[in-house]
Amino acid sequence: MDDPRTIVTNVRSIFSLPDVVVRVNDLIDSGEATNTELERVISSDPALTAKILKFANSSYFGFSGKVETVLKAIAIIGHKELRNLVLATSVTSTFKDIPPDLVDMDTFWNHSITCGVTARLLASSVDSRERFFIAGLLHGVGRLILFSQYPKESAKVLSCMNQGEDAVIQAERKIFGFTHAQLGAELLKQWKLPVNICKMVEYQFNPMQEKEFQYDASTLCAAVNIASYIQPCTNQPVEHEETISDRALQAWSFLGLSAEIVESVMTVAKLQVIEVFNAIRS
C-alpha cells in the first residue's frame, strides 16, 4: 500500500480544485486583491455566482437586508469568508464517480456541512473562525479518496461501522497503514490550504498530539462527534451503544463544553445546515 503523499500525488488530476477556486485563492493569498478583481473572477462562473449569493443570504451569516450582488457579498463577508464560500460551493462537485454502494454523496456532504457548521459554532469566541467551517466540511475527504481508489478495502473498513468510530480507525490503520484523516490532510496540503486547517484534519483523532493545534483539533473532534448525532456520515446501520468515545469526551472536557452548550449548539446547527446544504448542493 502506498503512503498518503504518493496516493494524493497519483489522484491529483482526479481530485483537483476548479480553476476559479485556485484563482480566488491566489488573489486572496497575494494580500492585494481588490473586491472588483475577485468579483470579476467569480462572475466568470455563473453557477458559482448564484450559489454565493444564495449562501450570503442564508441564516449562516445572519445579515439583515438582501445581498443582491457578488460585490456586496464580498464587501460584507470579507475575503477569508469568501475563500470558504468559493471552496465550499466547489468542493462538493470535485468528488465524482465515488462508488454509490459505499457512500451516498448527499448523506456524506450533509454530515460534512453539519460538522463544519458545528465546528464554527463551537469556535464562536475565536477570531477568524472561518477555518473551522472549512476543516469541518473537509474532515472526511480522505474517505472519498479511499472509496474511489480502494473500494474493496474500504468495504471491509465500513463493515466495522456498527462497532463505532474507533473500530473504523483501527481497521484503516490495519488495512491501509494510515487513517483517512492523514490522507485527507495530505490532499489539503496539495490544495495549498492553510497549515492550521490541514493540521486540524490530520489530528482530529488525536487532538492532543501537538500543543500548538490542541484547541483547533479538539474543536473539530468534538464537532465530528456532535455532527454524527445530527446527521451520520453514512447510511450504514450504526449501533449507538458506545455513544461518546473517550477521545470526544476528552475534547469536550478540554473545551469546557457542558451538555447544555452542546444542546444549544445542535439546535442552531440544525437550522443553519439546511440553508448551507441547499446553497452548496443545489
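Before reading further, recall that the structure is shown in the block above.
Counting from 1, residues in each chain are numbered in the order their sequence is written. In view of the model being predicted, local features appear only for residues whose pLDDT reaches at least 70, and side-chain atom pairs are presented and counted only at 80 or more, with totals across whole chains, interfaces and linings using the full set of residues. The basis for every side-chain value is the complete set of non-hydrogen atoms in the structure, without hydrogens or water.

**Structural notes on the side chain of threonine 114**
Here threonine 114 lies in helix H6 (residues 105–122). Whether a residue is buried, partly exposed or exposed follows from its accessible area with a 1.4 Å probe, protein chains only, as a fraction of its type maximum: under 20%, in between, or over 50%, in that order. The exposure class of threonine 114 is buried, given its relative accessible area of 0%. Counted as a polar contact is a pair of N or O atoms within 3.5 Å, where, for protein atoms, one must be capable of donating a hydrogen and the other of accepting one, and residues adjacent in sequence contribute only when both atoms are in side chains. Within the structure, the side chain of threonine 114 is placed 2.6 Å from the backbone oxygen of asparagine 110, a separation counted as a polar contact. Secondary structure elements follow DSSP: runs of H or I no shorter than four residues count as helices, runs of E no shorter than two count as strands, and numbering proceeds from the N terminus.

**Let's talk about the nonpolar core**
Core analysis: the largest hydrophobic core is formed by 98 residues, its most contacted members being Phe95, Trp109, Phe133 and Leu138. Take this core: its biggest share by element is ten residues, from helix H5 (residues 70–91). In plain words, nonpolar cores are sets of buried Ala, Val, Leu, Ile, Met, Phe, Trp, Tyr and Cys residues tied together by side-chain atoms within 4.5 Å.

**Some thoughts on the packing of helix H1 (residues 4–11) against helix H11 (residues 180–190)**
To obtain each axis, a line is fitted to C-alpha atoms, and for helices this fit is confined to the stretch in contact; angles are then taken between N-to-C directions over 0 to 180 degrees. At a minimum axis distance of 9 Å, the contact between H1 and H11 shows a crossing angle of 50°. As summarised for this structure, H1 and H11 are arranged oblique, according to the angle between their axes. In the packing of H1 onto H11, the handedness of the crossing is right-handed. Within the contact between the two elements, H1 uses Pro4, Arg5, Ile7, Val8 and Thr9 and H11 uses Gln182, Leu183, Glu186, Leu187 and Gln190. Put simply, angles under 35 degrees are roughly parallel, angles over 145 are roughly antiparallel, angles from 65 to 115 are roughly perpendicular, and the rest are oblique. By the definition used in this description, the sense in which the near helix is turned from the far one sets the handedness, with an anticlockwise turn below a right angle giving left-handed and a clockwise turn giving right-handed. Residue contacts are counted whenever heavy atoms from the two residues lie within 4.5 Å of one another.

**Quick notes on helix H3 (residues 35–43)**
Listed as buried for H3 are Leu38, Val41 and Ile42. The buried side chains of H3 occupy one side of the element, clustering within an arc of 95° when seen end-on. In this structure, the buried side of H3 is in contact with helix H2 (19–30), helix H4 (46–56) and H5. Directions are taken from the helix axis to each C-beta atom, and the arc is the one they span.

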